[in-house]
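Commentary on secondary and tertiary structure
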Amino acid sequence: MSIDWNQYDPNNFFDELIGENGEARVSAERLVEHLASLDEGELEARRQMAEATIHEMGVSFTVYTEEGNIDRAWPFDIIPRTISKQQWETTAAGLKQRLKALNMFIGDLYDKQQIIKDGIIPEHIIRDSKNFRPECIGMKPAHGVWAHICGTDLVRDSDGEFYVLEDNLRVPSGVAYMLENRSITKRVLPELFEKEGIMPIGDYPSRLFDTLVSISPRRIKRPEIVVMTPGIFNSAYFEHAYLAQQMGTELVEGSDLVVGDDDCVYMRTIAGLERVDVIYRRIDDMFLDPEVFEKESVLGVPGLMRAWRAGNVALANAPGAGVADDKVVYAYVPDIIRYYLKEEPLIQNVKTYLCDDPEHRQYVIDYIAELVVKPANESGGYGMLIGPHSTKKEQAHFIKLIKADPRNYVAQPTLALSTSPTLVGKGVVEPRHLDLRPFILQGKNSYVTTGGLTRVAMKKGSLVVNSSQGGGSKDTWIVNGGTADAI
């Protein structure tokens, strides 16, 4: 038996591969046809090959539990999701537009705060932000860029259009898994890469390296760039090591660096101290420098902020960039784009209710059973309430939280997240909900990955795609040729 696409039912959701008429979308025609030509045994052999490849390559992530940290193999589905190149070009332009405006916004907040003076954003929204860093006021990073690496989460609703769900501007993760997904899929479905016009993604490490070089304070041919990790117990350590290896840079921990009397950063090597120009830091602001932030931090480097403020080292992303990572600020991004760029947003936000607003708050309380409620600064899908899947007790608890700290909560409609065929058993394919995290780089130039990290809710009917909560992933193909995938 092979996959019978006539039996595949997306349940009225927008499906990434199969249209309403049951036929493959233009970007997925060859993929769907090829999968139908494989019998159950061949599909199972390919799935097992993917598992073996993941173990061979050591692709893993860490889950934090009450029992301790657990390393798990990367959960992967062998059926890619496809997007037409035509549609992706529009989406990529919108992502560049968004990050450009957000960087202008962050720079303004740490300078004249003109956007507040002009009444676009209420002052207390920034004053009460957990990620606004007064220590960064007056800084002018290279090219005016604070967030050099951004992971923006996109979803498709029932209309087939992409919407921005949130921006990740602090230490966004997942790009290594995007690259490894492609490596695995090339082993599992090599024949399709010979025939399909699948756009490559392998240039990301070199693009990241070029971005980091462009912000170096020393204009030398080969500035010293390092990736700074909290260590092997961090959930994204695999990615830290992977990116350092791919870029040909050193992977360091805070204890490997020291700030000298000249306010320059040096790396300890067997040959002595070597000056560092750019630090791609994968550590939260509060642990970067015990002289300025968390006094007890052993992950950071004493004096690092002093060196950064003196202009002797570049930090990517810059401290303080997380002020635009706030889900309350997210609601204002369309206005931020209009304010700084005098343009209309090319990608829309999901409708968002701010619990800080009395009218919005009452609406959220009245209709909490239908909404998704999120805290302003949590990540990884933690601390959320998914109204339709919640109990009366959970709803009552969230109402108390909202009333106690309305600034900290936003709510959004429960989206009809798009689905994609996912292999759930031997020859058995069912729709599963998913999202997409493309990565945008901004330094001297801008760049958007060709596609991104597709995360899949592996549980039937679930909307939670985070790998830390049972989600999985699949390769993302931007297919050259054909038109946009209409409904």
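Higher on the page you've got the structure.
Residues numbered from 1 in each chain as written. Predicted model: local features only at pLDDT ≥ 70, side-chain atom pairs only at ≥ 80, totals over all residues. Heavy atoms only, no water.

Overview of the overall build of the protein
- If you tally the helices and strands in the protein, you get 14 helices and 24 strands.
- Expressed as lengths along the three principal axes of its C-alpha atoms, the size of the protein is roughly 70 × 60 × 50 Å.
- Of all 487 residues assigned to the protein, the portion counted as buried reaches 56%.
- Considering only contacts within the protein whose residues lie at least 6 apart along the sequence, 69% involve residues at least 24 apart. (Helix = DSSP H or I, 4+ residues; strand = E, 2+ residues; numbered from the N terminus. Buried < 20%, exposed > 50% of the residue type's maximum accessible area, 1.4 Å probe, protein only. Contact = heavy atoms within 4.5 Å.)

Digging into the sheet that holds strand 9 (residues 265-269)
- Judged by pairing direction, the sheet is antiparallel, and its 3 strands sit side by side in the order 8-9-10 without closing on themselves. Two strands lie at the open edges of the sheet, namely strand 8 (257-259) and strand 10 (272-276), each paired on one side alone. Going across the sheet, the axis of each strand differs from the next one's by a mean of 40 degrees, ignoring polarity.
- Relative to strand 10, strand 9 runs antiparallel, the two sharing 5 bridges. Looking across to strand 10, one finds that Met267 is bridged to Glu274. (Pairing = 2+ DSSP bridges. Axes fitted to C-alpha atoms, helices over the stretch in contact; angles between N-to-C directions.)

Quick word on the packing of helix 8 (residues 204-214) against helix 9 (residues 237-247)
- Packing of helix 8 against helix 9 brings their axes to within 9 Å, and their N-to-C directions diverge by 80 degrees. Between helix 8 and helix 9, the crossing angle belongs to the class labelled roughly perpendicular. Residues Tyr204, Pro205, Leu208, Phe209 and Leu212 of helix 8 pack against Leu243, Gln246 and Met247 of helix 9. (Parallel < 35°, antiparallel > 145°, perpendicular 65-115°, else oblique.)

Re the packing of helix 6 (residues 175-188) against helix 9
- Interhelical geometry of helix 6 versus helix 9 gives an angle of 75 degrees and a closest axis separation of 8 Å. Our classification of the angle between helix 6 and helix 9 gives roughly perpendicular. Across the interface between the two elements, Val175, Ala176, Tyr177, Leu179 and Glu180 of helix 6 pack against Phe238, Glu239, Tyr242 and Leu243 of helix 9.
- By residue class, the composition of the contact of helix 6 with helix 9 is 7 nonpolar, no polar and 2 charged. (Nonpolar A, V, L, I, M, F, W, Y, C, P; charged D, E, K, R; others polar.)

Side note on the packing of aromatic side chains
- Taken as a whole and assessed by the stated rule, the structure comprises 13 aromatic pairs.
- Taking 5.7 Å as the distance between ring centres and 75 degrees as the angle between the ring planes, the aromatic pair formed by Trp5 and Tyr8 counts as edge-to-face.
- Its relative accessible area of 11% is what places Trp5 among the buried residues.
- Ring centres of Trp146 and Trp308 lie 6.1 Å apart, and the angle between their planes is 75 degrees; this geometry places the pair in the edge-to-face category. Placement of Trp146 in the loop between helix 5 (123-127) and strand 4 (149-156) and of Trp308 in helix 10 (residues 304-309) is noted, with a sequence separation of 162 residues between them.
- Residue class for Trp146 comes out buried when judged on its relative accessible area of 1%.
- Following the ring pairs from residue to residue traces out a cluster consisting of Tyr110, Phe132, Trp146 and Trp308.
- Seen from the ring of Phe14, Arg25 lies directly overhead, with NZ or CZ sitting 4.0 Å from the centre.
- The ring of Phe193 carries Lys186 above its face, with NZ or CZ at 5.9 Å from the centroid. (Phe/Tyr/Trp six-rings, centres within 6.5 Å; stacked < 30°, edge-to-face > 60°. Lys NZ or Arg CZ within 6 Å of the ring centre and 35° of its normal.)

Details of the pattern of salt bridges
- All told, the structure shown has 28 salt bridges when counted by the stated rule.
- Close ionic contact of Arg81 with Glu16 constitutes a salt bridge, the shortest N to O distance being 3.1 Å. With a gap of 65 residues between them, Arg81 in strand 3 (residues 81-84) and Glu16 in the segment before helix 1 (29-37) connect regions that are remote in the sequence.
- Where Arg306 meets Glu291, a salt bridge forms, and the shortest distance between an N and an O atom there is 3.3 Å. (Salt bridge = Lys/Arg side-chain N within 4 Å of Asp/Glu carboxyl O.)

Here we look at the sheet that holds strand 14 (residues 353-354)
- Taking strand neighbours across the sheet as the criterion, the 4 strands line up as 14-17-15-16 in an open arrangement whose pairing is antiparallel. The open sheet has two edge strands with one neighbour each: strand 14 and strand 16 (385-386).
- Pairing of strand 15 (residues 371-375) with strand 16, which is carried by 2 bridges, proceeds in the antiparallel orientation. Considered in strand 16, the bridge of Val372 is made with Ile386.

Points about the environment of Asn168
- Its location among the elements puts Asn168 in strand 5 (residues 162-168).
- On the accessibility criterion, Asn168 (9% relative accessible area) is buried.
- With sequence-adjacent residues up to four places away left out, Asn168 is seen in contact with Ile149, Cys150, Gly151, Asp153, Asp325 and Arg437.

Structural notes on the side chain of Thr454
- Tracing the sequence through the fold places Thr454 in strand 22 (residues 453-456).
- A distance of 2.8 Å separates polar atoms of two side chains, one belonging to Thr454 and the other to Arg81. (Polar contact = N/O pair within 3.5 Å; in protein donor to acceptor, adjacent residues only side chain to side chain.)

Looking at the environment of Phe13
- Mapped onto the secondary structure, Phe13 falls in the segment before helix 1.
- Taking the C-alpha atoms as reference points, Phe13 and Asp157, 144 residues apart in sequence, are found 8.1 Å from one another.
- Once residues lying within four places of it in the same chain are set aside, the contact partners of Phe13 are Ala416, Leu417, Thr419 and His433.

A closer look at the nonpolar core
- In terms of nonpolar packing, the biggest core is built from 72 residues, with Phe105, Ile279 and Ile336 touching the most fellow members.
- When residues of this core are assigned to their parent elements, the largest contribution, 9 residues, is made by helix 3 (residues 85-109).
- Residue contacts for Ile279: discarding those within four places in its chain leaves Val226, Met228, Leu257, Val265, Leu304, Val313, Ala314, Leu315 and Ala316.
- Ranked by size, the runner-up nonpolar core spans 54 residues in total, among them Tyr8, Ile54, Ile184 and Val429. (Core = buried A, V, L, I, M, F, W, Y, C linked by side-chain atoms within 4.5 Å.)

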